[in-house]
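# A closer look at the structure
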Amino acid sequence: LIQNIKISNFVISSLQKIVGQQNVYTDEENLLEYGHDETESLSFPPNVLVKPENTSQVAQIMKLAFENIIPVTPIGARTGLSGGSLCVSGGIGLSMEKFNNILKIDEDNLQVVVEPGVITQELQDEVAKKGLYYAPDPASKGSCFIGGNIAENSGGPRALKYGVTSDFVLNLEVVLPNGKIINTGANTLKNSTGYNLTQLIVGSEGTLGIVTKATLKLLPLSKYNKLILVSFKSAIDACAAVSSIFKVGVIPSAIEFMDRLAVDFTIKYIDEAKLDLDDEVEALLLIEVDGNNPDILMNDLEKIIKVVENHNSSENILFAEDEAQKENLWFIRRRIGEAVKINSIYKEEDTVVPRFELPSLLSGVKEIGKKYGFQSVCYGHAGDGNLHVNIIKGDLTDDQWNIELPKAIREIFQLTVNLGGTISGEHGIGWVQKEYMDIPFSDTEIELMKSIKKTFDPKNILNPNKIF
Ligand SMILES: Cc1cc2nc3c(=O)[nH]c(=O)nc-3n(C[C@H](O)[C@H](O)[C@H](O)COP(=O)(O)OP(=O)(O)OC[C@H]3O[C@@H](n4cnc5c(N)ncnc54)[C@H](O)[C@@H]3O)c2cc1C
């Protein structure tokens with residue numbers, strides 16, 4: 001994409017006045033660094049990078065951009081997998097990394113007020129010190145920001161029991177594209193007052209406004225958890241077991257699916273990842289239960305084990321005996337994405353279906369793979385029907401990759417929608433999935449969304465060319 005935006009000296013010096021010279025970057029190294037996220041190997045640098053430190057500065061930057069019609073792209077920790085933070089139209093890259101304060105942990109109301117540049121894991125660790133729990137935990141939680149999580153409505157392994165980011169956002173401070181500052185709601189658990197602007201901003205991928213402060217809901221932290229790793233000779237059996245588990249009256253805190261190749265890649269490419277698997281194992285389920293009574297948790301696990309045995313699980317079920325074993329199993333699960341990336345060029349699809357349909361989704365994906373000649377690594381948050389399909393370039397020619405593959409992806413997405421699901425469960429549409437929006441949505445639905453974008457951003461300057 002040709003970036004033909006010209007940033008005048010006037011704009012640069014205005015930005016320097018707003019945020020200070022030390023927070024404005026035009027050197028190639030910084031522009032390239034902030035021009036990529038974790039989406040494939042795409043690179044779209046901004047023309048100028050700014051790092052504001054407070055809401056007033058963000059508002060002044062947006063006012064300047066609005067008056068001079070300059071694209072602005074909010075940038076979080078750049079762990080995104082749909083290219084949301086890529087500056088595809090050049091312009092101003094707006095890094096939110098200096099908004100990194102936890103402003104208030106409100107133990108009376110079980111709430112926390114945070115800035116959007118706080119790392120998700122750091123928030124979880126801080127509130128845990130007070131016996132509290134912030135549940136949304138993307139596998140990238142050690143580096144991603146709360147602002148990015150809000151923009152993508154991120155999920156994670158615990159979403160099946162506790163919900164996704166939107167279930168925890170009560171109120172937001174947001175800077176609009178014209179520089180005005182709004183609050184979207186109230187710091188209350190319920191709110192029937194007018195349209196729900198809070199939930200409109202959550203998941204809007206940085207295209208409607210810039211989140212500068214968030215009030216989030218907290219829960220009491222569970223005292224205990226138990227983790228087992230169950231292997232299956234058939235990946236379809238593993239998928240079929242998932243919905244059966246919920247029928248015995250247990251809601252686990254996580255059910256993660258990993259196919260054999262996902263684990264093999266992780267053991268091969270990530271030094272510290274170690275796991276012995278029998279040759280015939282085709283897939284695994286990592287299952288966690290949590291709560292405050294260890295006896296009830298054991299009872300729950302026994303029920304779950306009966307279910308997986310009925311779905312032909314292998315006899316050797318691995319119980320994580322201590323924290324180190326638990327961490328080792330979670331480590332393997334969290335590093336799959338990185339291992340896939342080291343292995344080969346790949347494309348990740350974030351399909352989600354009602355969980356009973358997981359076996360049909362998996363077998364359909366493998367059929368489409370056979371038809372187009374590609375190999376895929378599948379893993380994900382099976383408990384909420386979310387399967388990450390990683391298509392490996394391997395020996396495919398560039399023509400197969402660039403011309404044939406989009407047809408295959410279209411078939412996968414069409415299958416997903418036919419099964420009652422949709423094309424992204426948690427990674428967003430961003431830059432890389434927008435050509436497929438016609439699959440889950442009609443023209444009327446897309447026009448409605450575009451008109452919302454226009455109301456918020458009449459000059460189309462905030463993260464343009466994303467989603468649509
Ligand atoms: C190894 C790995 C594992 C992952 N696992 C998961 C997972 O389990 N679940 C999951 O949901 N995702 C996962 N992701 C994807 C990614 O981590 C999430 O989408 C995350 O929320 C992105 O946060 P970020 O701070 O990196 O945002 P970025 O990638 O920097 O930006 C993402 C979007 O947010 C917008 N944005 C950022 N900050 C703001 C703000 N303050 N206001 C408005 N818009 C803003 C950007 O413009 C962009 O559109 C994973 C990624 C990796 C690399």
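Before going into details, it helps to say that this report is about the structure given with it. (Residues numbered from 1 in each chain as written. Predicted model: local features only at pLDDT ≥ 70, side-chain atom pairs only at ≥ 80, totals over all residues. Heavy atoms only, no water.)

## Regarding the packing of aromatic side chains
Counted only if it meets this: Working definition: rings of Phe, Tyr and Trp (its six-membered ring) pair if their centres are within 6.5 Å, and the pair is stacked with planes under 30 degrees apart, edge-to-face with planes over 60 apart, and tilted otherwise. Numbering goes from the N terminus for both helices and strands, where a helix is a DSSP run of H or I of at least four residues and a strand is a run of E of at least two. Buried, partly exposed and exposed residues are distinguished by accessible area as a fraction of the type maximum, computed with a 1.4 Å probe on protein chains only: under 20%, between the cut-offs, and over 50%, respectively. Two limits define a charge over a ring: the Lys NZ or Arg CZ must be within 6 Å of the ring centre, and within 35 degrees of the ring normal.
One pass over the full model with this rule turns up five aromatic pairs. With centroids separated by 5.5 Å and ring planes inclined at 70 degrees, the aromatic side chains of Phe44 and Trp431 adopt a geometry described as edge-to-face. Here the residue Phe44 occupies a position in the loop between helix H2 (28–33) and strand E2 (48–50), and Trp431 occupies one in the loop between helix H14 (398–418) and helix H15 (443–456), the gap between them amounting to 387 residues. The class for Phe44 is buried, based on a relative accessible area of 10%. Judged by centre distance (5.6 Å) and plane angle (75 degrees), the ring pair of Tyr134 and Phe168 falls under edge-to-face. Highlighted residues: Tyr134 in the loop between strand E7 (132–133) and helix H5 (146–152) and Phe168 in the loop between helix H6 (159–162) and strand E8 (169–175), separated in sequence by 34 residues. What makes Tyr134 buried here is its relative accessible area of 0%. The ring centre of Tyr34 lies 4.6 Å from the NZ or CZ of Arg78, which sits over that ring. The cationic tip of Lys217 hangs over the ring face of Phe168; the distance from NZ or CZ to the ring centre is 5.3 Å.

## Comments concerning the nonpolar core
Heads up, the condition is: Here, nonpolar core means buried Ala, Val, Leu, Ile, Met, Phe, Trp, Tyr and Cys residues that are tied together by side-chain atoms lying within 4.5 Å of each other. Only heavy atoms matter for contacts: two residues are in contact if any of them lie within 4.5 Å across the pair.
Judged by nonpolar contacts, the single largest core of 53 residues is most densely connected at Phe257, Leu285, Ile287 and Phe374. Breaking this core down by element, the ones donating at least two residues are strand E12 (224–232), helix H8 (235–245), strand E13 (254–259), strand E14 (283–291), helix H10 (294–310), helix H13 (358–372), strand E18 (386–392) and H14. Apart from the residues within four sequence positions on either side, Phe257 is in contact with Ala235, Ala238, Cys239, Ala283, Leu284, Leu285, Leu362, Cys378, Tyr379, Gly380, Ala382 and Leu387.

## Quick notes on a negative patch on the surface
Cut-off, in case you're wondering: Each patch is built from residues lacking any salt bridge and having more than 30% relative accessible area; the joining distance is 9 Å for like charges and 5 Å for nonpolar side chains (Val, Leu, Ile, Met, Phe, Trp, Tyr). A 1.4 Å probe and the Shrake-Rupley method give the accessible areas. Residues count as covered only by the protein chains that appear here. Definition used for salt bridges: Asp or Glu carboxyl oxygen within 4 Å of a side-chain nitrogen of Lys or Arg. For the purpose of counting charges, residues Lys and Arg are taken to be positive, whereas Asp and Glu are taken to be negative. His and the chain ends are not included. Where a charge sits is defined by one atom per residue type, namely NZ (Lys), CZ (Arg), CG (Asp) or CD (Glu).
Residues Asp276, Asp278, Asp279 and Glu280 make up a contiguous surface patch of negative charge. Relative to the elements of secondary structure, Asp276 occurs in the loop between helix H9 (260–269) and E14.

## Overview of the sheet that holds E12
The condition that has to hold: At least two bridges found by DSSP between two strands are what make those strands a pair. Geometry is summarised by axes, namely lines fitted to C-alpha atoms with helices restricted to the contacting stretch, and by angles between N-to-C directions that run from 0 to 180 degrees.
In spatial order, the strands read E15-E12-E14-E13-E17-E18-E16; together these seven strands make up an open sheet with antiparallel pairing. On the outer flanks of this sheet lie strand E15 (318–319) and strand E16 (346–352), each paired with one strand and no other. Examined bridge by bridge, E12 and E14 share nine bridges and lie antiparallel to one another. Bridging from a neighbouring strand, Asn225 pairs with Asp290 of E14. Strands in contact with H10 are E12, E14 and E15; relative to E12, the strand with the most contacts, it is inclined by about 15 degrees. Of the strands in this sheet, E13, E16, strand E17 (375–380) and E18 are in contact with H13, which crosses E17 at around 160 degrees.

## With respect to the site of the ligand
Note the following rule: If a single non-hydrogen atom of a residue is within 4 Å of a molecule or strand, that residue counts as near it. Between N or O atoms, a polar contact is any pair within 3.5 Å; within protein, one atom must be a potential hydrogen donor and the other a potential acceptor, and residues adjacent in sequence are included only when both atoms are from side chains. Three classes are used: nonpolar for Ala, Val, Leu, Ile, Met, Phe, Trp, Tyr, Cys and Pro, charged for Asp, Glu, Lys and Arg, and polar for all others, with Gly counted as polar.
In the vicinity of the ligand lie 35 residues, with Pro74, Gly76, Thr79, Ser140 and Ser154 positioned nearest. Within the backbone of Glu205, an N or O atom sits 3.1 Å from an oxygen atom of the ligand. Between the ligand and His381 there is a distance of 3.2 Å, counted from an oxygen atom to a side-chain nitrogen or oxygen. If you list the elements that add at least two residues to the shell around the ligand, you get strand E3 (72–75), H5 and strand E10 (210–217). Partitioned by chemical class, the residues of the shell around the ligand number 13 nonpolar, 17 polar and five charged.

## Some details on helix H1 (residues 9–19)
The periodicity of an α-helix, 3.6 residues per turn, causes residues three or four places apart in sequence to face the same way. For clarity, the cut-off: Regarding the arc, it is the one traced by the directions from the helix axis to the C-beta atoms.
Buried within H1 are the following residues: Val11, Ile12, Ser14, Leu15, Ile18 and Val19. Here the buried residues of H1 occupy an arc of 160 degrees about the axis, which is enough to place them on one side. Counted as exposed and oriented over 90 degrees from the buried face of H1: Asn9, Phe10 and Lys17. Its buried side turned inward, H1 meets strand E1 (24–25), E2, helix H3 (55–68) and strand E4 (92–95). Directly after H1, the chain includes Gly20, whose backbone phi takes a positive value near 90 degrees.

## Here we look at the side chain of Ser231
Within the secondary structure layout, Ser231 lies in strand E12. Residue Ser231 is classed as buried on the basis of its relative accessible area, which comes to 8%. If we ignore the near neighbours within four places in the chain, the residues touching Ser231 are Val281, Ala283, Leu284, Ser313, Ser314 and Asn316.

## Considerations on the packing of H9 against helix H12 (residues 336–343)
Note the following rule: Here is the rule for angles: anything less than 35 degrees is roughly parallel, anything more than 145 is roughly antiparallel, 65 through 115 is roughly perpendicular, and the remaining ranges are oblique.
The N-to-C vectors of H9 and H12 enclose an angle of 75 degrees; their axes lie 8 Å apart at closest approach. Comparing their axes, H12 and H9 come out roughly perpendicular. Only Ile336, Ala339, Val340, Ile342 and Asn343 of H12 make contact with H9, whose side of the interface consists of Ala262, Phe265, Thr266 and Tyr269. Taken together, the residues that form the contact of H9 with H12 break down as seven nonpolar, two polar and no charged.

## As for the pattern of salt bridges
This model, assessed by the stated rule, comprises 24 salt bridges. The partner of Glu33 in a salt bridge is Arg78, with the nearest N and O atoms 3.4 Å apart. On the criterion of sequence distance, the pair formed by Glu33 in helix H2 and Arg78 in the loop between E3 and E4 is long-range, its members being 45 residues apart. Overall, Arg78 belongs to the buried group, its relative accessible area being 14%. Arg333 is paired through a salt bridge with Glu256; the nearest N and O atoms lie 2.5 Å apart. With Arg333 in helix H11 (residues 323–334) and Glu256 in strand E13, the pair connects residues that are 77 residues apart, well separated along the chain.

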